Amino acid sequence: MKDPSRRSFLRCTALTGLGLATTGSLSSFYNAGPKMRFGLVTYQWGRDWDLSTLIANCEKTGLWGIELRTQHAHKVEINLSAARRTEVKKRFADSPVTCIGYGSNFEYHSPNPVELQKNIEQTKAYIQLCKDIGATGIKVKPNNLPAGVPREKTIAQIAASFNEVGKFAKNLGQLVRVEVHGHLTQELPNMKAIFDQVTEPNVKICWNCNPEDLLPPGLEANFNSVKKWFGDTVHVRELNTGDYPYQQLMDLFTSMKYNGWILLEARTEPKDRVAAMKEQLAVFNEMVAKAQKK
């Protein structure tokens, strides 16, 4: 490589330190590279790691991207000063690990207009945080279709909220990543109904690997019904536990030439989380290789 960037150099060094066990050879990494990259949502396995530990453990394991979850030990929240935000940005810039974005709990289904507006305004504050720390977007949720309220009304309200925060995010060069989540809203027909009313192109779907994905007419049909709105993040649980058809999912993403992050949102409690992260990366690489051969 000629004149490599600092990030590329650091990643090359990190790969060498890993013995290239998770990525093959350096030449294949730089010449072709995986279309899908594997990273970490800090929801469980990173919840009690400060930012330095979190970045270091991702460097050790080859998980090159992080979605920072709110209210966790890394404490990246809107109360950070401008100087502290710059410091967080620099920590990632000096590492091969990418700060993909922020995992919030903001939701837009409440029939209470005060509660709804609070969620919208807080979303905007955290979008500014994402911009300041060098991330590219925020994760939000729909997150319900309340009983006693016409479904069409709530769906329209959620879509309008996405459009409002999407416009704000667009001016800051940020994405709004909508996790397929929540009572009723994680059913794909309802998610599609919401996105049929979303007009902002930077508002995207984050596939979340829910049991509801498998409801009739099945995974492939549900996947295809919303794939035109996919962004650059997907949430998965442990790839080698449970009965979710992860290999079929990797086949579907491979067939559409998905070029984004598959983010591990783990739920188990392994004794050695760093070793478990390495194991999950190996399973991911094996699934992707298998999908590419089909």
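All values reported here derive from a predicted model rather than from experimental measurement.

Participant: Can you break down the packing of helix 8 (residues 219–226) against helix 9 (residues 246–255) residue by residue, with the values?
Facilitator: Running from amino to carboxyl end, helix 8 crosses helix 9 at an angle of 35 degrees, the nearest separation of the two axes being 11 Å. As for how helix 8 packs across helix 9, the hand of that crossing is right-handed. Residues L219, E220 and F223 of helix 8 touch helix 9, and the partners they reach there are Q248, L249, L252 and F253.

Participant: Pulling in residues and values, what's your account of the side chain of S110?
Facilitator: One can find S110 in the loop between strand 3 (98–103) and helix 5 (113–133). In terms of polar contacts, S110 uses its side chain to reach the backbone amide nitrogen of N112, at 3.1 Å. If we ignore the near neighbours within four places in the chain, the residues touching S110 are E115, L116 and Q157.

Participant: Account for helix 5, with residues named and values stated.
Facilitator: Because each turn of an α-helix spans 3.6 residues, side chains separated by three or four positions in sequence point in the same direction. Between the first and last C-alpha of helix 5 there are 31 Å, a value that for 21 residues agrees with the 30 Å anticipated at 1.5 Å per step. Within helix 5 the residues assigned to the buried category are L116, N119, I120, T123, K124, Y126, I127, L129, C130 and I133. Looking at the buried positions of helix 5, the neighbouring elements they touch are strand 2 (65–69), helix 4 (82–93), strand 3, strand 4 (137–140), helix 6 (151–171) and strand 5 (175–179). The N-cap residue of helix 5 is N112: its side-chain oxygen and the backbone nitrogen of V114 are 2.9 Å apart. Just downstream of helix 5 lies G134, where phi reads positive at about 85 degrees.

Participant: Help me get a handle on the environment of N222, residues and values and all.
Facilitator: In this fold, N222 is placed in helix 8. Here the alpha-carbon distance between N222 and P189, two residues 33 residues apart in the chain, equals 7.8 Å. N222 has contacts with L188, W207, E212, D213, L214, L215 and P217, leaving out every residue within four places of it along the chain. Engagement of the side chain of N222 in a polar contact is seen with the backbone oxygen of D213, the distance being 2.8 Å.

Participant: Would you mind going over the sheet that holds strand 1 (residues 37–41) in detail, with residue names and values included?
Facilitator: Strand order in the closed barrel made by the eight strands is 1-2-3-4-5-6-7-8, with parallel pairing throughout. Sheet twist, expressed as the average angle between the axes of neighbouring strands with direction ignored, equals 30 degrees. Note that strand 1 and strand 8 (residues 261–264) share four bridges and pair parallel. Residue pairing in the sheet places R37 in a bridge with W261 of strand 8. Contacts from helix 9 reach strand 6 (203–207), strand 7 (230–236) and strand 8 within the one sheet, and its direction differs from that of strand 7 by about 165 degrees. Helix 10 (residues 273–293) rests against strand 1 and strand 8 of the sheet, and its axis sits at about 145 degrees to strand 1.

Thresholds, definitions, all that
Residues numbered from 1 in each chain as written. Predicted model: local features only at pLDDT ≥ 70, side-chain atom pairs only at ≥ 80, totals over all residues. Heavy atoms only, no water. Axes fitted to C-alpha atoms, helices over the stretch in contact; angles between N-to-C directions. Helix = DSSP H or I, 4+ residues; strand = E, 2+ residues; numbered from the N terminus. Left-handed = near helix turned anticlockwise from the far one by under 90°. Contact = heavy atoms within 4.5 Å. Polar contact = N/O pair within 3.5 Å; in protein donor to acceptor, adjacent residues only side chain to side chain. Expected span 1.5 Å × (residues − 1). Buried < 20%, exposed > 50% of the residue type's maximum accessible area, 1.4 Å probe, protein only. Pairing = 2+ DSSP bridges.

Function cannot be read off these values alone, since they describe shape.
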